[in-house]
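Residue-level structure breakdown
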Amino acid sequence: EVQLVESGGDLVQPGGSLRLSCAASGFTFSNYWMTWVRQTPGKGLEWVANIGQDGGEENYVDSVKGRFTISRDNAKNSLYLQMNSLRAEDTAVYYCARSTGWRTYSDYWGQGTQVTVSS
Amino acid sequence: DIQMTQSPSTLSASVGDRVTITCRASQTTGAWLAWYQQKPGRAPRLLIYKASNLESGVPSRFSGSGSGTEFTLTISSLQSDDFATYYCQQYSSFPLTFGGGTKVELK
């Protein structure tokens, strides 16, 4: 059974940093692109970033470029999102998701982790 | 960025009803469109990919159609388990973008 479990969400002050993790199991992690998607009540679902199977390619939404970094450790079956210079508008539930390719939909999602940016 | 617009934003229906949700793209996405179902406090669940392909395990009462800029998700006979919010997503170009969602509620 495919499982994706996010962790690392927290309350952080504006300008702060946070690192999210996603532990994957039930499939061959190194064979899949992986994605982060976030959700807010106001803006709905927003695709944030994705990363290739070997970590050699990354793509980001403009609003996080230069502040967020997606990475993975295939030996640990883990996906990460390093978030720096956090802003109030980054407040959201962050989902880790498995994708079937470079630029495509996500077929399995984790349950999400809450990130709140507030002073 | 490609803007995705769903209508209606809320839909009131009864069990057994045929339900249709529309998703329009600000520019053509070919058939690179997916539909997801989300229930409160849960992660989105993939229903349809490439506009009309049913994901494994999804009931056949769900169907998708369309291409270019206009797409529809149809539930042929609404069941109690189907009350949820539905989202479309284009994956024709980066950044991938979602529609604002359609909440299907009990009439």
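All of these numbers come straight from a predicted model, not from anything done at the bench. (Residues numbered from 1 in each chain as written. Chains lettered and ligands numbered in written order. Predicted model: local features only at pLDDT ≥ 70, side-chain atom pairs only at ≥ 80, totals over all residues. Heavy atoms only, no water.)

Broken down by element type, chain B carries zero helices and 11 strands. Along chain B, from the amino end to the carboxyl end, the secondary structure elements read β-β-β-β-β-β-β-β-β-β-β. When its C-alpha atoms are laid out on the principal axes, chain B stretches across 35 × 25 × 25 Å. Across the 107 residues of chain B, 50% fall into the buried class. Considering only intrachain contacts with a sequence separation of at least 6, the fraction spanning at least 24 residues in chain B is 55%. For chain B, the centre of its 9 positive side-chain charges and the centre of its 7 negative side-chain charges are spaced 3 Å apart. (Helix = DSSP H or I, 4+ residues; strand = E, 2+ residues; numbered from the N terminus. Buried < 20%, exposed > 50% of the residue type's maximum accessible area, 1.4 Å probe, protein only. Contact = heavy atoms within 4.5 Å. Lys, Arg positive; Asp, Glu negative; His and termini not counted. Charge placed at Lys NZ, Arg CZ, Asp CG, Glu CD.)

With the rule as written, the count across this model stands at 12 aromatic pairs over all chains. Measuring from ring centre to ring centre gives 5.0 Å for A:Tyr105 and B:Tyr49, while their planes differ by 25°; the resulting arrangement is stacked. You can see A:Tyr105 sitting in the loop between strand E9 (92–99) and strand E10 (106–109) and its partner B:Tyr49 sitting in strand E5 (residues 45–49), one on each of two chains. The exposure class of B:Tyr49 is partly exposed, given its relative accessible area of 24%. Measuring from centroid to centroid gives 6.1 Å for B:Tyr36 and B:Phe98, while their planes differ by 50°, and the two rings are tilted. A residue pair is termed long-range when its members are at least 10 positions apart, and B:Tyr36 in strand E4 (residues 33–38) and B:Phe98 in strand E10 (residues 97–98) qualify at 62 residues. Like B:Tyr36, the residue B:Phe98 is buried in the burial classification. Connected via pairs of aromatic rings, a cluster forms that spans A:Tyr95, A:Trp109, B:Tyr36 and B:Phe98. Lying across the ring of A:Phe27, A:Arg98 places its NZ or CZ 4.9 Å from the centre. (Phe/Tyr/Trp six-rings, centres within 6.5 Å; stacked < 30°, edge-to-face > 60°. Lys NZ or Arg CZ within 6 Å of the ring centre and 35° of its normal.)

Our next topic: the sheet that holds strand E7 (residues 62–67) of chain B. Two pairing modes exist for strands in a sheet, parallel and antiparallel, and in both the strands are linked by backbone hydrogen bonds. Residue and element names in this part refer to chain B. Here four strands make up an open sheet; going across it, the order is E1-E3-E8-E7 and the pairing antiparallel. Each of the sheet's edge strands pairs with one partner strand only, and the pair in question is strand E1 (4–7) and E7. Adjacent strand axes in the sheet meet at a mean angle of 20°, parallel and antiparallel pairs treated alike. Strand direction decides the pairing type here: strand E3 (residues 19–25) and strand E8 (residues 70–75), joined by six bridges, are antiparallel. Its bridge partner lying in E8, Cys23 is registered against Phe71. (Pairing = 2+ DSSP bridges. Axes fitted to C-alpha atoms, helices over the stretch in contact; angles between N-to-C directions.)

With that out of the way, let us pick up the sheet that holds strand E1 (residues 3–7) of chain A. All names here are of chain A. What the four strands build is an open sheet, ordered E1-E3-E8-E7; its pairing is antiparallel. Each edge of the open sheet is held by one strand with a lone partner, namely E1 and strand E7 (68–73). This sheet shows a mean twist of 15° between the axes of neighbouring strands, independent of strand direction. Note: E1 against strand E3 (residues 18–25), five bridges, orientation antiparallel. Across the sheet, the residue bridging to Leu4 is Ala24, located in E3.

The analysis is restricted to geometry; functional conclusions fall outside its scope.
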